[in-house]
Amino acid sequence: MALSQTEVLAGLAEIVNEETGIATDAVALDKHFTNDLDIDSISMMTIVVNCEDKFGVKIPDEEVKNLETVGDAVNFIVSAS
Amino acid sequence: MSKKIVVTGIGATTPLGGDVKTTWQRLLAGESGISTIEKEWIAQYEVPVTFAGQAAVASADVLTPQEVKRLDPSSQFAMISAREAWADAGSPEVAPERLAVEFSTGIGGVWTLLDAFDTLKERGPRRVLPMTVPMLMPNGPAAAVGMDIAARGGVRTAVSACASSTEAIANAYNRLQTGEVDIVVAGGCEAAIHALPVSAFAAMHALSKRNDEPARASRPYDSNRDGFVMGEGGAALVLETEEHALARGAKIYAELAGGAVTSDAYHITAPDPEGSGAARAVLATLKQAGATIEDVKHINAHATSTPVGDIAEYNALKRVFGDLLPGIAVTATKSSTGHLLGGAGAIEAIFTVLALHEGVIPPTINLDDQDPEIPLDVVVSPREFKGENLLAISNSFGFGGHNAVIAFRKY
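Residues numbered from 1 in each chain as written. Chains lettered and ligands numbered in written order. Predicted model: local features only at pLDDT ≥ 70, side-chain atom pairs only at ≥ 80, totals over all residues. Heavy atoms only, no water.

Quick look at the sheet that holds strand β8 (residues 254–263) of chain B now. Residue and element names in this part refer to chain B. Read across the sheet, 11 strands follow the order β5-β4-β6-β7-β1-β8-β15-β14-β9-β10-β12 without closing on themselves; strand pairing throughout is mixed. Edge strands, defined here as strands with exactly one partner in the open sheet, are β5 (155–156) and β12 (377–378). Sheet topology note: the strand β1 (residues 5–13)/β8 ladder contains 3 bridges and is antiparallel. When the sheet's bridge partners are listed, Ile-5 is paired in β8 with Leu-256. Each of β1, β4 (99–105), β5, β6 (183–190), β7 (233–241), β8, β14 (391–398) and β15 (402–410) touches helix α8 (residues 164–178); the most contacted strand, β6, lies at about 170 degrees to it. (Pairing = 2+ DSSP bridges. Helix = DSSP H or I, 4+ residues; strand = E, 2+ residues; numbered from the N terminus. Contact = heavy atoms within 4.5 Å. Axes fitted to C-alpha atoms, helices over the stretch in contact; angles between N-to-C directions.)

Set out below in structure tokens:
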């Protein structure tokens, strides 16, 4: 069953908060992981793996580079779920 | 002409307390930081030694959740102690290129390494944390401290087992003498109270087996000593040229008068029973300090409470000081803290600095029946330590035949 965009955004925000300390409400769809949230590639890989566990999806390594914004990630997860 | 190097800040998190003040007060009170390890893994793996000197304050109570997540426990201790020392020094304004770090560990990120291996076995390689390598590398603590204070004058890690952080301080002394930097944050840390290292030290019969009386287990120089007690924590000193310290009006605890390192090339774990390498380290340190054996009034000994090690150190001291030795006040503070391995030299350096600064030598506890083969003047209750031009040394020796000695002078 597909997850809703709202559910995924809330779950992703929690994962980002746990990994980086960034407030959950700062994790908005238009935010760029690197430029806006200052998340480095090492944290990004941890976030990706935690998203796989939380949402039961597979995010291939080659796909990660395309997930530039929070919205990119949420949309990928929604469509993969 | 050599520069005068001074201590302007100290910080520590130890089995006795989460800072220097608490640690020092409890040390002077003759308390023990050793207790039973209340963890599942003790029973799970039937670990034969069930006690240690565990950090009195959990790092998670001090650092942010993200710092705890991204730093191995050893680096967490390093950060906590270095931040206290840096703040104690007045958070000096110094050009980043003139600021260096010398921060040691004996073992490195052993928790991270072993947790990651458990993850690999249980959940596969994709679940191994991407931070694993930077967390387990032995230079991790030094790098974390260096980033925290923006030190760009070189961040280094001396690794020489239990001599590591005394060697780090000796290296800091030399680094400051070159004139390349004005301040070095030097120290050491260890977080190895994990089933594997405890079992490994127990397998080599290095640890005390007094499971029923942990607080009485670390007993340097006692006839009934039966091994050392593992400890954990971190300790850091801000070391600075006197010129730089005076120019910024810093508080000065003591002078770091010298530091030297030698090696035994004798046996991978056993100390040279003649103690010639250790003796050479003491003499080289005194030469740097411009001092003679008559000047030394206090020794914070390595004295881990192993049957062989305590005697070997005594032999080395006897070789250096001869008939003067009975007149020197010796203390073995591992009796209270346990053995912080790569952090031992740094915390004992702080105790030596405070003995000079506060005018009191901290006691050796659990000395019920002094080994007649070690007729030292062991301080068993806080002893006044006052006078002019007092010099004290602190010794550390490590598996691998490493000998490191540093000297502090009253300022």
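There is more to say, and it comes next.
What follows deals with the nonpolar core. Residue and element names in this part refer to chain B. Core analysis: the largest hydrophobic core is formed by 43 residues, its most contacted members being Leu-237, Leu-239 and Phe-408. Counting residues per element, this core draws most heavily on helix α14 (residues 344–358), which supplies 10 residues. Lining this core are residues from two domains, each supplying at least three of them: domain 1 (5–247) and domain 2 (259–410). In contact with Phe-408, other than residues within four places in its own chain, are Val-7, Leu-237, Glu-255, Leu-256, Ala-257, Ala-349, Thr-352, Val-353, Leu-356, Leu-390, Leu-391 and Ala-392. (Core = buried A, V, L, I, M, F, W, Y, C linked by side-chain atoms within 4.5 Å. Buried < 20%, exposed > 50% of the residue type's maximum accessible area, 1.4 Å probe, protein only. Domains from an automatic or database assignment.)

Residue and element names in this part refer to chain B. Within the element layout of this structure, Met-230 appears in the loop between α9 (195–203) and β7. In this structure the C-alpha to C-alpha distance between Met-230 and Met-135, which are 95 residues apart in sequence, comes to 22 Å. Met-230 has contacts with Ala-52, Gly-53, Ala-192, Ile-193, Pro-197, Val-198, Phe-201, Leu-207, His-339 and Leu-341, leaving out every residue within four places of it along the chain.

Listed per partner, the contact involves 17 residues of chain A and 9 residues of chain B. Summing both partners gives a buried area of about 1,100 Å² for chain A against chain B, and 43% of it is carried by carbon and sulfur. Per-residue buried area on chain A facing chain B is highest for A:Glu19, A:Ile42 and A:Val49; these three make up 38% of the total on that side. The interface formed by chain A and chain B holds 7 salt bridges in total. Where A:Glu18 meets B:Lys69, a salt bridge forms, and the shortest distance between an N and an O atom there is 3.5 Å. Linking chain A to chain B there are 9 residue pairs in polar contact (both at pLDDT 80 or more). In terms of residue count, helix α2 (residues 41–55) of chain A provides more of the side of chain A that touches chain B than any other element does, 8 residues in total. Looking at the side of chain A that touches chain B, its residues break down into 5 nonpolar, 5 polar and 7 charged. (Buried area = accessible area lost by both parts, 1.4 Å probe. Salt bridge = Lys/Arg side-chain N within 4 Å of Asp/Glu carboxyl O. Polar contact = N/O pair within 3.5 Å; in protein donor to acceptor, adjacent residues only side chain to side chain. Nonpolar A, V, L, I, M, F, W, Y, C, P; charged D, E, K, R; others polar.)

Another aspect to go through is unusual backbone geometry. Residues and elements named next belong to chain B. Positive phi is not limited to glycine here, since Glu-46 has a value of about 50 degrees. Locating Glu-46 in the fold gives a position in the loop between α2 (40–44) and β3 (51–52). By relative accessible area, Glu-46 is classed as exposed at 68%. Of note in this structure, Tyr-221 is not a glycine but carries a positive phi near 70 degrees. Considering the arrangement of structural elements, one finds Tyr-221 in the loop between α9 and β7. For Tyr-221, a relative accessible area of 1% gives the class buried.

Limitation: the analysis is restricted to geometry and does not speak to function.
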